[in-house]
Amino acid sequence: MNTRFIWILGLLGAAAVLGFGLFMQWGKHLELDTKVMKVRAGAPADDTTIALLDVRLENLSERTWVVNEVQFTVNTADGRQVEGIAVAQMDLKRLFESLPSLGQEFNPLLKSRDKLNPKSRTDRMFVFQLIGLKQADFDARKSATLRITELDGAIASIPIPRS
């Protein structure tokens, strides 16, 4: 048998195995498609702002997205970076009562260990306390980013528009 023919046959076999492996993994990577529906803010004190984000999340993959951590960062117009502190579910009722300017609760809160099912879409709410940031500074921010980290390490980074 010709040596060249054996090499070509071996390369085709390796390509077939690699192609089959890629085909079997198709859709297994974790990916979120996001859309920020609404951004609301209120100030319970002069130097503190509450930011409320309503976000539509769509899990495009064929795997369940298990939320590990949610972070919110605001870059102010004067160059400061302020990290948000997540507000707990048990504090939301009191928060909405004390700050009627936030409106009402439209969506459930996304928390750690929540699951986003494969090929599904859901609307969720995120609430953060920004200590040391006035509401006027939040409204005049340069940028803001919401990061949702999955249990296996995948990250969805969502730019937050000015409202």
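Anyway, here's the lowdown on the structure attached to this text. (Residues numbered from 1 in each chain as written. Predicted model: local features only at pLDDT ≥ 70, side-chain atom pairs only at ≥ 80, totals over all residues. Heavy atoms only, no water.)

**Details of the nonpolar core**
Applied cut-off: Think of a nonpolar core as a cluster: buried Ala, Val, Leu, Ile, Met, Phe, Trp, Tyr and Cys residues, connected wherever their side-chain atoms sit within 4.5 Å. For the exposure calls, accessible area comes from a 1.4 Å probe over protein chains only, and a residue counts as buried if that area is under 20% of its type's maximum, exposed if over 50%, partly exposed in between. The numbering of helices and of strands both runs from the N terminus, where a helix is a DSSP run of H or I of at least 4 residues and a strand a run of E of at least 2. It only takes one pair of heavy atoms within 4.5 Å for two residues to be counted as in contact.
Phe-72, Phe-126, Leu-146 and Ile-148 are the most contacted members of the largest nonpolar core, which has 28 residues in total. Of all the secondary structure elements, the ones that give two or more residues to this core are strand 1 (32-45), strand 2 (48-59), strand 3 (65-75), strand 7 (120-131), strand 8 (143-150) and strand 9 (155-159). Sort the elements by how many residues they give to this core and strand 3 lands first, with 5 residues. Aside from chain neighbours lying at most four places away, what touches Leu-146 is Leu-53, Val-55, Val-70, Gln-71, Phe-72, Phe-126, Phe-128, Ala-156, Ser-157, Ile-158 and Ile-160. With 11 residues, the next largest nonpolar core counts Ile-50, Val-87, Leu-92 and Phe-96 among its residues.

**Overview of the pattern of salt bridges**
The cut-off we apply is this: In the sections that follow, a salt bridge refers to a side-chain nitrogen of Lys or Arg positioned within 4 Å of a carboxyl oxygen of Asp or Glu.
Enumeration according to the criterion identifies 9 salt bridges in this entry. A salt bridge links Arg-121 to Glu-58; its shortest N-O distance comes to 3.5 Å. Of this pair, Arg-121 sits in strand 7 while Glu-58 sits in strand 2, placing them 63 residues apart in sequence. By relative accessible area, which is 55% here, Arg-121 ends up exposed. Here Arg-80 and Asp-137 are joined by a salt bridge, their closest N and O atoms 4.0 Å apart. Taken together, the positions of Arg-80 in the loop between strand 3 and strand 4 (81-83) and Asp-137 in helix 3 (residues 135-139) put the pair 57 residues apart, joining distant regions of the chain. Since its relative accessible area comes to 33%, Arg-80 is described here as partly exposed.

**Some details on the environment of Arg-141**
Applicable threshold: Pairing of N or O atoms within 3.5 Å defines a polar contact, subject to two protein rules: one partner must be a possible hydrogen donor and the other a possible acceptor, and residues neighboring in sequence count only if both atoms are side-chain atoms.
With respect to the helices and strands, the residue Arg-141 is situated in the loop between helix 3 and strand 8. Assessed through its relative accessible area of 1%, Arg-141 is described here as buried. Put simply, Arg-141 and Glu-83 are 58 residues apart on the chain and 13 Å apart in space, counted from C-alpha to C-alpha. Side-chain polar atoms of Arg-141 contact the backbone oxygen of Phe-138, separated by 2.9 Å. Here the side chain of Arg-141 touches Pro-161 through a polar contact of 2.6 Å, landing on its backbone oxygen.

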